Amino acid sequence: MLLFVLLLSTLINLSNGYSTGMSRMFLRKDMYIKEYNINECLQNIHKIITKKEKYCFLSTVANQLPIRDYPYGSVVGYCLNNEGYPVIAISDESKNYNNIENNNKVSILINEQNTNKKVLFTGTISKIENDVIDYDTYPSEETVNLKISYLKQHPNAGWINYPKVFMYVLKDIKEIAYFETKQKGKISVENYKKVFVK
């Protein structure tokens, strides 16, 4: 886990929404996976993010002293929506909730167990809003559907049904980076979506 944390801390500096110097050294602005490797990489990415044990490393921008404006990392469960976007559940009592409400720029790192293959998503995450009727709040249809999907992947996560647990979707993906021994580089969102949208 320590190596996992160090890797993400090295790759990401979310304080200003850009990668760190070392990350830029690995992934130049034009460093996309070559066309003849796209299909293989997409297959690997699909395998990684649809793994049975769906846990990821979430990095948000801290909103509390003494680490305000620095990356804050935690391991959280996730699922995927129909478009392949990562979905996470966050309680309004958690540090991640407070961080995201203040700054919704995040990174999500998903790795394949027992290998060095990893996928790093960076972008802005959106909270799924609930319905307000006569001053009372009720789960929206999208919230209910995402909680059902989450419970299918994490059947013991009964806490997700509490009203103060909100669903977040990383819809606005700015960059998708793929890492393995043979190669590393970026995958366009358009190519990534081809894995899920037929």
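Anyway, here's the lowdown on the structure attached to this text. A quick note: this is a predicted structure, and the numbers were derived from the prediction, not measured. (Residues numbered from 1 in each chain as written. Predicted model: local features only at pLDDT ≥ 70, side-chain atom pairs only at ≥ 80, totals over all residues. Heavy atoms only, no water.)

Brief notes about the side chain of Asn81
Structurally, Asn81 is set in the loop between strand E5 (79–80) and strand E6 (86–91). Overall, Asn81 belongs to the buried group, its relative accessible area being 15%. A distance of 2.8 Å separates a polar side-chain atom of Asn81 from the backbone nitrogen of Tyr85. Excluding residues within four positions of it along the chain, Asn81 makes contact with Val87, Leu146 and Val169. (Helix = DSSP H or I, 4+ residues; strand = E, 2+ residues; numbered from the N terminus. Buried < 20%, exposed > 50% of the residue type's maximum accessible area, 1.4 Å probe, protein only. Polar contact = N/O pair within 3.5 Å; in protein donor to acceptor, adjacent residues only side chain to side chain. Contact = heavy atoms within 4.5 Å.)

Side note on the pattern of salt bridges
Across all of its chains, the model carries six salt bridges by this definition. The closest approach of N and O atoms between Lys47 and Glu112, which form a salt bridge, is 3.7 Å. In this pair, Lys47 is assigned in helix H3 (residues 38–49) and Glu112 in the loop between strand E7 (105–111) and strand E8 (118–127), connecting sequence segments 65 residues apart. Exposure remark for Lys47: the relative accessible area of 55% places this residue in the exposed category. Salt-bridge contacts for Lys193 lead to Glu83; the nearest nitrogen and oxygen are separated by 4.0 Å. Placement of Lys193 in helix H6 (residues 189–194) and of Glu83 in the loop between E5 and E6 is noted, with a sequence separation of 110 residues between them. (Salt bridge = Lys/Arg side-chain N within 4 Å of Asp/Glu carboxyl O.)

Focus on helix H4 (residues 95–102)
Those residues of H4 not exposed but buried are Asn96, Tyr97, Asn99 and Ile100. Here the buried residues of H4 occupy an arc of 165° about the axis, which is enough to place them on one side. Tucked inside the fold, the buried residues of H4 contact strand E3 (55–61), strand E4 (71–77), E6, E7, E8 and strand E11 (165–179). (Arc of directions from axis to C-beta.)

Digging into the environment of Phe57
Along the chain, Phe57 falls in strand E3. When the C-alpha atoms of Phe57 and Val75 are compared, they prove to be 4.6 Å apart, with 18 residues separating the residues in sequence.

Structural notes on the pairing of E6
Within E6, five of the six residues are buried, leaving the element largely enclosed by the surrounding structure. Pairing of E5 with E6 involves two bridges; the strand directions are antiparallel. If you follow Cys79 over to E6, its bridge partner there is Val87. Between E5 and E6, which pair antiparallel in sequence order, lie five residues; one of them, Gly84, sits at a positive phi of approximately 90°. The pairing of E6 with E11 spans five bridges and is antiparallel. Note that in E11 the partner of Ile90 across the bridge is Phe166. (Pairing = 2+ DSSP bridges.)

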